[in-house]
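# Coordinate analysis (summary)
Residue strings, one per chain:
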Amino acid sequence: MSDTFPAGFLWGTATAAYQIEGAPQEDGRTPSIWDTFSHTPGKTEGGATGDIAVDHYHRRAEDVRLMADLGLNAYRFSVSWPRVQPTGRGPAVQRGLDFYRGLVDDLLDHGIEPVLTLYHWDLPQELEAAGGWPERETAYRFAEYARLVGEALGDRVRRWTTLNEPWCSSFLGYGSGVHAPGRTDPLATLRAAHHLNLGHGLAAQALRSVLPAGGQVSVSLNPSCVRARTQSPDDLDARRQIDALANRIFSGPMLNGAYPEDLIADTARLTDWSFVQSGDEALCKQPLDSLGINYYTPAVVSASTDPTAERHDGHGASDHSPWPGVDSVAFHQPPGEVTEMGWSVDPTGMYELLMRYSREAPGVPLQITESGAAYDDKPDADGVVHDPERIRYLHAHLSAVRRAIDDGADVRGYFLWSLMDNFEWAYGYTKRFGVVRVDFETQRRTPKSSAHWYAKLAATGVLPDVPLG
Ligand code: GBH
């Protein structure tokens, strides 16, 4: 196996607006569903909110310099919808756009390619008040917002992503309720999934119509590598059901222009899917210049009629299943090493997903748009942060990417989650994913040893044999 990555490979890190920016009321920004949710007692660990987060809104220049010092050539960030279009309707707010224009210009000045995500979960609260993603109108609103941002920044941003992880927006936001807006309604979950698919299609069209030649349109999914606990027909059917709800509910319309028939049949007790109008499915399938894959951990499932079976499927603190219509599947903790999230470390899952989407999206280049791990690393007496577990994790996952490339996958970039420690959604500030440590009191940034390791990889394009920091 070659240890060298292809020329032009993008070496980046990733963040999301609500997780890093803070400044929720500055320059005309209004609340998003994550402001409302995090300010609702009991929804996040310790009542944590993104009010300050890591103050990136005021430390943008320092954060870009940090990336430049590490020699990274790309950066994936998201735009906060309520900063740009506070009510989710109407014209863009200039000051909101100015922040992102400034960020992009800083990046370009340092030779860092901006990779812009339009939606990383922060829906304007006013649109949720009008029904949110379960309502069709939200898809049209999203396309209009995409057009506004595309018109404003298309002259300097080449790479565009519509949605980040629509599975989380629908299944965790409207199903298990562990993410904003915290609803627990199986039918609303499926409706949300469809309107996210439709929103993606409409936004991709809107972007194409306003971006200059060379503009690239993508979407980032979090496909699940679903494994059956045994090869019994019942366990294999459990895998099929979860694969439909985790993966094919998005890849079906987006890549093939149709919802899978088994998904429609499995959910027949909940809905006849009449919210899918004629022409919608074809519209969801827009040409993609690349497909983003976010990967953390696989899932292991079996058939089960035991409602008390232990679950490890992202329920978090919720009593509600994220999976609409599924009542006979158990989730199992895979054996072996886990990260601080309790997520099993399994780089083979990433390899398998890259090979799968190479087949399912032939001719579409792939990017790993998120991969990384939370560990409980701490500074030593000299303030140095050694995080050898994270280096080992990254090494193993980049080896999996390298192996997929050897086996024919057209992988063009890797975006490490995350540049710096930040607001980890319902977990608040208790989980650190950064390669840069942030002291949440002083906001001081300190690159961990993993940041230096990653910088060396980015500089050479060669994966070291031994993952020493
Ligand atoms: C991403 O979501 C997000 O895009 C990013 O904002 C976030 O900070 C980052 O990951 C880290 O969480 O519950 O044990 O079955 C990833 C969300 C993670 C949800 C894996 C499903 C299944 C693990 N996904 N999870 S488990």
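The name an unreviewed UniProt entry gives the protein chain is Beta-glucosidase, with Streptomyces paludis as the organism. Checking UniProt for the protein chain, the heading Catalytic activity (unreviewed entry) contains the comment "Hydrolysis of terminal, non-reducing beta-D-glucosyl residues with release of beta-D-glucose." Looking at the Sequence similarities (unreviewed entry) heading of the UniProt record, one finds this comment for the protein chain: "Belongs to the glycosyl hydrolase 1 family."

## Observations concerning the environment of Ser218
Among the secondary structure elements, Ser218 is positioned in strand β5 (residues 216-221). For Ser218 and His110, which are 108 residues apart along the polypeptide, the C-alpha to C-alpha distance reads 24 Å. Leaving out residues up to four positions away in the same chain, Ser218 has contacts with Trp160, Thr161, Thr162, Leu288, Ser290, Leu291 and Gly292. Here the side chain of Ser218 touches Ser290 through a polar contact of 2.8 Å, landing on its backbone oxygen.

## Here's the deal with the UniProt feature "active site" (unreviewed entry) in the protein chain
UniProt annotation of "active site" (unreviewed entry) refers to Glu165 and Glu370 when read in the numbering used here. These residues run over 206 residues, yet every pair of their C-alpha atoms falls within 10.3 Å of each other. Relative to the assigned elements, Glu165 resides in the loop between β4 (159-164) and α8 (166-175). Residue classification places Glu165 among the buried residues on the basis of a relative accessible area of 5%. Contact partners of Glu165, with chain neighbours within four places excluded, come to Trp121, Ser220, Leu221, Asn222, Asn294, Tyr296 and Glu370. You can call Glu370 buried: its relative accessible area is 4%. If we skip the residues at most four places from it in the chain, Glu370 touches Ala14, Arg76, His120, Asn164, Glu165, Ile293, Asn294, Tyr295, Tyr296, Phe415 and Trp417.

## So, the pattern of salt bridges
Proximity of charged atoms lets side chains of opposite charge pair with each other. Applying the stated criterion across every chain yields a total of 36 salt bridges. Its salt-bridge partner being Asp155, residue Arg156 comes within 3.1 Å of it at the nearest N-O pair. Among the residues examined, Asp155 registers a relative accessible area of 55% and is labelled exposed. The salt bridge involving Arg432 is made with Asp421; its shortest N-O contact spans 2.5 Å. Placement of Arg432 in the loop between β11 (411-417) and β12 (436-438) and of Asp421 in the loop between β11 and β12 is noted, with a sequence separation of 11 residues between them. Grouping residues by exposure puts Arg432 and Asp421 together as buried. Here the salt bridges share partners, and the residues they tie into one network are Asp237, Arg240, Asp243, Arg248, Asp262, Asp266, Arg356 and Glu360.

## Comments concerning the UniProt feature "binding site: substrate" (unreviewed entry) in the protein chain
Here the UniProt feature "binding site: substrate" (unreviewed entry) sits at Gln19, His120, Asn164, Tyr296, Trp417, Glu424 and Trp425. Relative to the helices and strands, Glu424 resides in the loop between β11 and β12. With a relative accessible area of 8%, Glu424 lands in the buried category. Apart from residues lying up to four places away in sequence, Glu424 is in contact with Gln19, Met341, Trp417, Lys431 and Phe433. Taking the relative accessible area as the measure of exposure, Trp425 reaches 4% and is therefore buried. The residues touching Trp425, leaving out its near neighbours within four places in the chain, are Ala16, Tyr18, Gln19, Trp34, Thr44, His120, Trp121 and His179.

## Quick look at the packing of aromatic side chains
Any pair of aromatic rings gets described here by the distance separating the centres and the angle formed by the planes. Inspection of every chain in the model, using the stated rule, returns 35 aromatic pairs. Judged by centre distance (6.3 Å) and plane angle (20°), the ring pair of Tyr18 and Trp425 falls under stacked. A residue pair is termed long-range when its members are at least 10 positions apart, and Tyr18 in helix α1 (residues 17-20) and Trp425 in the loop between β11 and β12 qualify at 407 residues. It is Arg83 that lies over the ring of Tyr57; its NZ or CZ is 4.0 Å from the centre. Cation over ring: Arg402 sits above Phe5, and NZ or CZ is 5.9 Å from the ring centre.

## Thoughts on the sheet that holds strand β8 (residues 299-303)
Strand order in the open sheet formed by 3 strands is β6-β8-β9, and the pairing between neighbours is mixed. The open sheet has two edge strands with one neighbour each: β6 (226-228) and β9 (329-332). Taking the axes of each pair of neighbouring strands and ignoring which way they run, one obtains an average angle of 40° across the sheet. As paired strands, β8 and β9 are joined by 4 bridges and run antiparallel to one another. Looking at β9, one finds that Ala303 is bridged to Val329.

## A short note on the pairing of strand β1 (residues 10-14)
β1 sits mainly inside the fold: 5 of its 5 residues count as buried. Burial of the side chains of β1 extends over both faces: Leu10, Gly12 and Ala14 are buried on one face and Trp11 and Thr13 on the other.

Criteria and thresholds
Residues numbered from 1 in each chain as written. Predicted model: local features only at pLDDT ≥ 70, side-chain atom pairs only at ≥ 80, totals over all residues. Heavy atoms only, no water. UniProt positions renumbered as here; feature names shortened; annotations may be inferred. Helix = DSSP H or I, 4+ residues; strand = E, 2+ residues; numbered from the N terminus. Contact = heavy atoms within 4.5 Å. Polar contact = N/O pair within 3.5 Å; in protein donor to acceptor, adjacent residues only side chain to side chain. Buried < 20%, exposed > 50% of the residue type's maximum accessible area, 1.4 Å probe, protein only. Salt bridge = Lys/Arg side-chain N within 4 Å of Asp/Glu carboxyl O. Phe/Tyr/Trp six-rings, centres within 6.5 Å; stacked < 30°, edge-to-face > 60°. Lys NZ or Arg CZ within 6 Å of the ring centre and 35° of its normal. Pairing = 2+ DSSP bridges. Axes fitted to C-alpha atoms, helices over the stretch in contact; angles between N-to-C directions.

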